[in-house]
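Spelled out from the first residue to the last, the chains are:
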Amino acid sequence: MPGFELFGAEERKEVNDVLETGILMRYGFDGPRQGVWKAKELEQAITEVFGCQYAQLTSSGTSALTTAMAALGIGAGDEIIMPTFTFVASFEAVLSVGAIPVLVDVDETLTVSPDAVRAAITSKTKCIMPVHMCGSMADLDALKEICAEHQLILLEDACQSIGGMYKGKALGTIGDAGTFSFDFVKTITCAEGGVVMTNNKEVYIKSDGYTDHGHDHLGVDRGADLHPFIGYNYRISELHAAVGLAQIRKLGSFLGLQKKNNKALRAYLEQIPEISFRAIPEGGDDSCSFISWFLPTEALTKAVVAEMKEQGILAGNFYWFVNNWHYLSKWDHLKNAQTLHAISPEQKAALLQLKDASFPASDAVMSRCISTAISLVWTDEQIKDKGEKMVATIRKVLQTQMQPA
Ligand SMILES: *Cc1c(COP(=O)(O)O)cnc(C)c1O
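Residues numbered from 1 in each chain as written. Predicted model: local features only at pLDDT ≥ 70, side-chain atom pairs only at ≥ 80, totals over all residues. Heavy atoms only, no water.

Trainee: Even after reading the chapter, I still don't get the pattern of salt bridges, so can you show me in this structure?
Mentor: As a working rule, side chains carrying opposite charge can pair if their charged atoms are close by. A complete count under the given rule lists 27 salt bridges for this structure. In this structure, the salt-bridge partner of E238 is R33, at a minimum N-O distance of 3.4 Å. On the criterion of sequence distance, the pair formed by E238 in helix α8 (residues 238-249) and R33 in the loop between α1 (9-21) and α2 (38-50) is long-range, its members being 205 residues apart. Of the residues examined, E238 reaches a relative accessible area of 0% and is grouped as buried. Ionic pairing is found between D212 and R235, a salt bridge with its closest N-O pair at 2.7 Å. Within this pair, whereas D212 is found in the loop between α7 (201-210) and α8, its partner R235 is found in the loop between α7 and α8, the two being separated by 23 residues in sequence. Taking relative accessible area as the criterion, D212 reaches 0% and is therefore assigned buried. (Salt bridge = Lys/Arg side-chain N within 4 Å of Asp/Glu carboxyl O. Helix = DSSP H or I, 4+ residues; strand = E, 2+ residues; numbered from the N terminus. Buried < 20%, exposed > 50% of the residue type's maximum accessible area, 1.4 Å probe, protein only.)

Trainee: Before we go on, may I ask you to explain the site of the ligand in this structure?
Mentor: The local shell around the ligand holds 16 residues, among which G61, T62, S181, D183 and K186 are the closest. The separation between an oxygen atom of the ligand and a polar main-chain atom of G61 is 2.7 Å. At 2.9 Å from a nitrogen atom of the ligand is found a side-chain nitrogen or oxygen belonging to D157. The fraction of the free accessible surface of the ligand (380 Å²) that becomes covered by protein chains is 94%. Those elements that place two or more of their residues in the shell around the ligand are α3 (61-71) and α4 (89-96). Grouping the constituent residues of the shell around the ligand by class yields 5 nonpolar, 8 polar and 3 charged. (Near = heavy atom within 4 Å. Polar contact = N/O pair within 3.5 Å; in protein donor to acceptor, adjacent residues only side chain to side chain. Areas by Shrake-Rupley, 256 points an atom, 1.4 Å probe, with all protein chains shown as cover. Nonpolar A, V, L, I, M, F, W, Y, C, P; charged D, E, K, R; others polar.)

Trainee: Where do I start with the domain arrangement of the protein chain in this structure?
Mentor: A common way to express how large an interface is: the accessible area buried when the components associate. For the protein chain, the assigned domains read domain 1 (3-252) and domain 2 (255-401). Taken over C-alpha atoms, the centre of domain 1 sits 25 Å from the centre of domain 2. Contacts between the two partners involve 44 residues from domain 1, matched on the other side by 42 residues from domain 2. For the pair domain 1 and domain 2, the summed buried area comes to about 3,500 Å², and 63% of that belongs to carbon and sulfur atoms. The tally of links from domain 1 across to domain 2 stands at 2 salt bridges. When the shortest N-O distance is used, the salt bridge between E346 and K124 registers 3.6 Å. At the junction of domain 1 with domain 2, the criterion picks out 23 residue pairs in polar contact (both at pLDDT 80 or more). (Domains from an automatic or database assignment. Contact = heavy atoms within 4.5 Å. Buried area = accessible area lost by both parts, 1.4 Å probe.)

Trainee: In this structure, what is going on with the packing of aromatic side chains? I would like to understand it.
Mentor: Pairs of aromatic rings are described using the distance from one ring centre to the other and the angle between the two planes. Counting across every chain of the model gives 15 aromatic pairs. On the numbers, 6.0 Å between centres and 25° between planes, the contact of Y232 with Y234 is stacked. For Y232, a relative accessible area of 42% gives the class partly exposed. According to the relative accessible area criterion, Y234 is partly exposed, its value standing at 21%. Geometrically, the ring pair formed by F318 and W320 is stacked, given 5.0 Å between the ring centres and 10° between the ring planes. Cluster of aromatic residues (ring-pair linked, three or more members): F85, F290, F318 and W320. The ring of W37 has R33 lying over it, and the distance from NZ or CZ to the ring centre is 4.0 Å. (Phe/Tyr/Trp six-rings, centres within 6.5 Å; stacked < 30°, edge-to-face > 60°. Lys NZ or Arg CZ within 6 Å of the ring centre and 35° of its normal.)

Trainee: In this structure, what is going on with the pairing of strand β2 (residues 79-83)? I would like to understand it.
Mentor: Residues in a regular strand project their side chains so that they alternate between the two faces of the sheet. The buried count for β2 comes to 5 of 5 residues, which makes it a mostly enclosed element. Neither face of β2 is left uncovered, since the one carrying E79, I81 and P83 and the one carrying I80 and M82 both have all their residues buried. Across 3 bridges, β2 lies against strand β4 (residues 125-128) in parallel orientation. Directly across from I81, in β4, lies its bridge partner I128. (Pairing = 2+ DSSP bridges.)

Trainee: Please explain the sheet that holds β4 as it appears in this structure.
Mentor: Sheets are built from strands that pair by backbone hydrogen bonding, the pairs being arranged parallel or antiparallel. Spatially, 7 strands are ordered β1-β9-β8-β5-β4-β2-β3 in an open sheet, and the strand pairing comes out mixed. In this open sheet, the two strands that pair with only one neighbour each are β1 (54-58) and β3 (100-104). Going across the sheet, the axis of each strand differs from the next one's by a mean of 25°, ignoring polarity. Across 5 bridges, β1 lies against strand β9 (residues 194-198) in antiparallel orientation. Paired with Q56 across the two strands is V196, which belongs to β9. Against the sheet, α7 makes contact with β1, β8 (177-181) and β9, and its axis sits at roughly 20° relative to β1, the strand it touches most. (Axes fitted to C-alpha atoms, helices over the stretch in contact; angles between N-to-C directions.)

Trainee: How do you make sense of the sheet that holds strand β13 (residues 317-318) when you look at a structure like this?
Mentor: Across the sheet, 4 strands lie side by side as β10-β12-β14-β13; this open sheet has antiparallel pairing. Only two strands of the sheet have a single neighbouring strand rather than two, namely β10 (276-277) and β13. When strand β12 (residues 290-294) meets strand β14 (residues 369-373), the two strands line up antiparallel, connected through 5 bridges. The partner of W293 across the bridge, within β14, is I370.

Following this line, the structure appears as structure tokens:
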């Protein structure tokens, strides 16, 4: 799954180029930087590799989402429809621009159910934000249709799906804007970083200014820049971008290894007829960073998780249903509106409402789902060992639990 596993000489070389000049900042200092522009180069590479017109790097995936929302004009009082299953960063960004997260059910794609999205639309809805969790995607054609019908913005949180494709296009390049995260555990890493991708020039220009205090980047030097709007500092540094530049050049090999290892391990799980797998929308191509699989019931899933723990093979397997970061069931700080500063009454009311909300359709999916992270550095021997142990453990649980009383 993560590019950090194959950090090496290429990354050190790119970082060293920056250290040689000492210009660690991405803007300005044109003379002393001696032609070294790692952030610019990485942005160019992102447009080429993923096939979008514009890319604006940011300091994180979270700030990329915030930036995209601001650039798309999403703000106070606007409702953003998003899934119950995602990383906490998704709703952090929504709240940061003053908007209201409206959570809806996920289905067996592990992403928003288009029917649930449709049912959640109100006069305040401004945006649909699918989150392409664990390498695979939402039904983007269905969501695009809903957006067109209701004149809504489509913002893809593709932070976890670098390298996934939908009908020939890279995830993150299909909506009005899309984001990747390059944090330490993502498919390619900058240590910390993110990107806003778009084919809309205005969204790009706004993202560029927003991430750098509103500077218009049109002055002869930074001091001469004007400020058409208020921005923040969500810049990436040259050191971080340098790591990303080395990583993006290796993305093809990362994805090749990921697919190969995913397929090999999945073949073991496929031996068990009780196991089913995550649904991939038609025309979708999973990045293969995880294998997400389902057992028939919550009780069996919990028993398998417990037995895997007992056998010492749980590491790298995620039971999101009870995980503190990724599923609504554990987002008490959100449901209790625990913020450090005052938020708008509308935002607060919407969050407190979540305490009593129930999502049985999401629970029915997530309580049966385990995601197995795929390593790039497994040997064939390790995959065999892992696969055999998983199969034996799962079979043991199925045999004891499914015996007629
Ligand atoms: C990682 C992640 C983010 C945020 O990324 P950071 O770079 O860690 O801020 C946003 N959304 C999802 C779904 C993520 O997995």
